[in-house]
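# An overview of the molecular structure
Okay, here's what each chain looks like letter by letter:
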Amino acid sequence: MVDEDSKRTIDSALAEFERLRASIREDTRRNEPEKYYDVWEFNNQFGKLWLSMVLGGKVPRDSILVTGFTMMQSKAYTIHELIVEGKYFTALREMRHLLEFAKRAAELDYEMKGRSVADKITEYEAREAADMADFRGGGLLKALEGNLGLTGPEVSAIKTLFGRLSSYAHGSAAEVKPFTLGNSAKPGYVRDLFDLTHDHVAAVTDVYLLLLCKFGMIDRSVITIPSNLSSLLPLSYPYLK
């Protein structure tokens, strides 16, 4: 049972943390007046494309990739919050999880066409538990390359992105450094880390859109990606412009 003095101390600490979060958000918004909103805009484009899929009758009920698509939408606010409040490494690990799910979901959608999402989730769990070589890393990418017709540059880009995100899956030197002697552990806006995370959010979004395009799930006659995002979405933009 927590005593009243401890409760007051905890409440005070939480209130101070909320003030710090708000301060970091404002620092980020002031220093990144455009990119601050870009992080959300990537996901806003997802919402618009979802509408295009619905209007175009392109949404297969049995697609686990679409499940991942909606999962990323549901996490959009959380990802934005993490990045603009200086929790860069947490955001990068979240993006790695979403990217890995996209690759696995795309492969299962291809192999188990016509099967239910429940069946695919069961198979997903079985392969994950068995640590199958063709359900991760290079083996998985090779399968996707053949099954979905990914080009060499597309495969290379996905491989490079996953490798970069994987370097943040556990405590990296950059993440640990602020907590070592002589450094401040107080979180805050860091330009280089913000830019890094901003670009990686765009890159993971790009892969999701690319895979959806490969399955023919996006109706380009309904809505298109604005040209100002073309440089941030180099894999999918050629299919969506």
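The model shown is predicted, which means the values in this text are computed figures rather than measured ones.

This part takes up the overall build of the chain. On a plain count of helices and strands, the chain comes out with 11 helices and 0 strands. Each helix and strand of the chain, placed in order from N terminus to C terminus, yields the pattern α-α-α-α-α-α-α-α-α-α-α. With the C-alpha coordinates of the chain rotated into their principal frame, the extents come out at 60 × 45 × 35 Å. Per-residue burial over the chain gives 39% buried out of 241 residues. About 12,500 Å² of surface is accessible on the chain, with carbon and sulfur atoms providing 54% of the total.

A few words on the packing of helix 5 (residues 88-111) against helix 7 (residues 137-148). When two helices pack together, their arrangement is given by the angle between the helix axes and the distance between those axes. At their nearest, the axes of helix 5 and helix 7 sit 10 Å apart, and the two run at 45° to each other. If you check the angle between helix 5 and helix 7, you find them oblique. The way helix 5 lies across helix 7 gives a crossing that is left-handed. Seen from helix 5, the contacting residues are Lys103, Arg104, Ala106, Glu107 and Tyr110; seen from helix 7, they are Leu140, Ala143, Leu144, Asn147 and Leu148. Of the residues contributing to the contact of helix 5 with helix 7, the split by class is 6 nonpolar, 1 polar and 3 charged.

A few words on helix 4 (residues 76-84). Taken together, the buried positions of helix 4 are occupied by Ala76, Ile79, His80, Leu82, Ile83 and Val84. Glycine 86, located one to two residues past helix 4, shows a positive phi value of around 85°.

Quick look at the nonpolar core now. In this structure, Met95, Val204 and Tyr208 are the most contacted members of the largest nonpolar core, which totals 55 residues. Those elements that place two or more of their residues in this core are helix 3 (64-74), helix 4, helix 5, helix 7, helix 8 (152-166), helix 10 (191-214) and helix 11 (237-240). The leading source of residues in this core is helix 5, at 12 residues.

Now for the packing of aromatic side chains. With the rule as written, the count across this model stands at 5 aromatic pairs. Summarising the aromatic geometry, the rings of tyrosine 124 and phenylalanine 135 are spaced 5.4 Å apart at their centres and angled 80° between planes, so their arrangement reads as edge-to-face. Taken as a pair, tyrosine 124 in helix 6 (residues 117-130) and phenylalanine 135 in the loop between helix 6 and helix 7 lie far apart in primary sequence, 11 residues in all. Each member of the pair tyrosine 124 and phenylalanine 135 is classed as buried. Three or more aromatic residues joined by ring pairs form one cluster here, namely Phe101, Tyr124 and Phe135.

Let's shift gears to the environment of lysine 142. Structurally, lysine 142 can be placed in helix 7. Lysine 142 sits in the exposed class, given a relative accessible area of 64%.

A surface patch of nonpolar side chains, about 260 Å² in accessible area, is lined by Val2, Ile10 and Leu14. For isoleucine 10, the location among the structural elements is in helix 1 (residues 4-31). Assessed through its relative accessible area of 45%, isoleucine 10 is described here as partly exposed.

Looking now at the pattern of salt bridges. Between side chains of opposite charge, pairing is possible as soon as their charged atoms come close. Per the counting criterion, the structure on display carries 23 salt bridges. Of the charged contacts, one joins glutamate 32 and arginine 191 as a salt bridge, the two residues approaching to 3.4 Å between their closest N and O atoms. Here glutamate 32, found in the loop between helix 1 and helix 2 (35-55), pairs with arginine 191, found in helix 10; they are 159 residues apart in sequence, far enough to count as distant. Taking relative accessible area as the criterion, arginine 191 reaches 42% and is therefore assigned partly exposed. For glutamate 175, the salt bridge is made with arginine 93, and the minimal N-O distance between the two is 3.0 Å. Of this pair, glutamate 175 sits in helix 9 (residues 173-176) while arginine 93 is found in helix 5, placing the two residues 82 residues apart along the sequence.

Here we come to the packing of helix 5 against helix 10. At a minimum axis distance of 10 Å, the contact between helix 5 and helix 10 shows a crossing angle of 15°. Classed by the angle they form, the pair helix 5 and helix 10 counts as roughly parallel. Between helix 5 and helix 10 lies a crossing of left-handed hand. Facing Tyr88, Phe89, Ala91, Leu92, Met95, Leu98, Leu99, Phe101, Ala102, Lys103 and Ala106 of helix 5, the residues of helix 10 in contact are Leu193, Phe194, Leu196, Thr197, His200, Val201, Val204, Val207, Tyr208 and Leu211.

Our next topic: the side chain of serine 236. With respect to the helices and strands, serine 236 occurs in the loop between helix 10 and helix 11. Accessibility expressed as a relative area gives 0% for serine 236, which makes it buried. For serine 236, the contacting residues outside a window of four places in its chain are Asp206, Leu209 and Leu210.

The rules we used
- All residue numbers refer to positions counted from 1 along the written sequence of the respective chain.
- Local features in this predicted model are restricted to residues of pLDDT 70 or higher, and side-chain atom pairs are both shown and tallied only at a pLDDT of 80 or more, whereas totals for entire chains, interfaces and linings draw on every residue.
- Side-chain metrics rest on all non-hydrogen atoms present in the structure, leaving aside hydrogens and water.
- In DSSP terms, a helix is any run of H or I states spanning at least four residues, a strand is any run of E spanning at least two, and both are numbered starting from the N terminus.
- Burial status follows relative accessibility: with a 1.4 Å probe on protein chains alone, a residue under 20% of its type maximum counts as buried, one over 50% as exposed, and anything between as partly exposed.
- Using a 1.4 Å probe, the Shrake-Rupley method yields the accessible areas, and only the shown protein chains count as cover for residues.
- With axes taken as lines fitted to C-alpha atoms, and helix axes fitted only over the stretch in contact, angles between N-to-C directions fall between 0 and 180 degrees.
- In what follows, roughly perpendicular refers to angles from 65 to 115 degrees, roughly parallel to angles under 35, roughly antiparallel to angles over 145, and oblique to any angle outside these ranges.
- Helix crossings get a hand from a simple test, with the near helix turned counterclockwise from the far one by less than a right angle marking a left-handed crossing and a clockwise turn marking a right-handed one.
- Contacts are assigned to residue pairs that have any heavy atoms within 4.5 Å of one another.
- Under the convention adopted here, Pro, Cys and the residues Ala, Val, Leu, Ile, Met, Phe, Trp and Tyr are nonpolar, Asp, Glu, Lys and Arg are charged, and Gly plus all remaining residues are polar.
- The set of buried Ala, Val, Leu, Ile, Met, Phe, Trp, Tyr and Cys residues whose side-chain atoms join them within 4.5 Å is what this entry labels a nonpolar core.
- The criterion for an aromatic pair is that two Phe, Tyr or Trp rings (for Trp, the six-membered ring) have centres within 6.5 Å, with stacked assigned to planes under 30 degrees apart, edge-to-face to planes over 60 apart and tilted to the rest.
- Here a patch means residues that are over 30% exposed by relative accessible area and free of salt bridges, tied together within 9 Å if like-charged and within 5 Å if nonpolar (Val, Leu, Ile, Met, Phe, Trp, Tyr).
- Any carboxyl oxygen of Asp or Glu that lies within 4 Å of a side-chain nitrogen of Lys or Arg is treated as forming a salt bridge with it.

The values reported here are purely geometric and, on their own, carry no functional implication.
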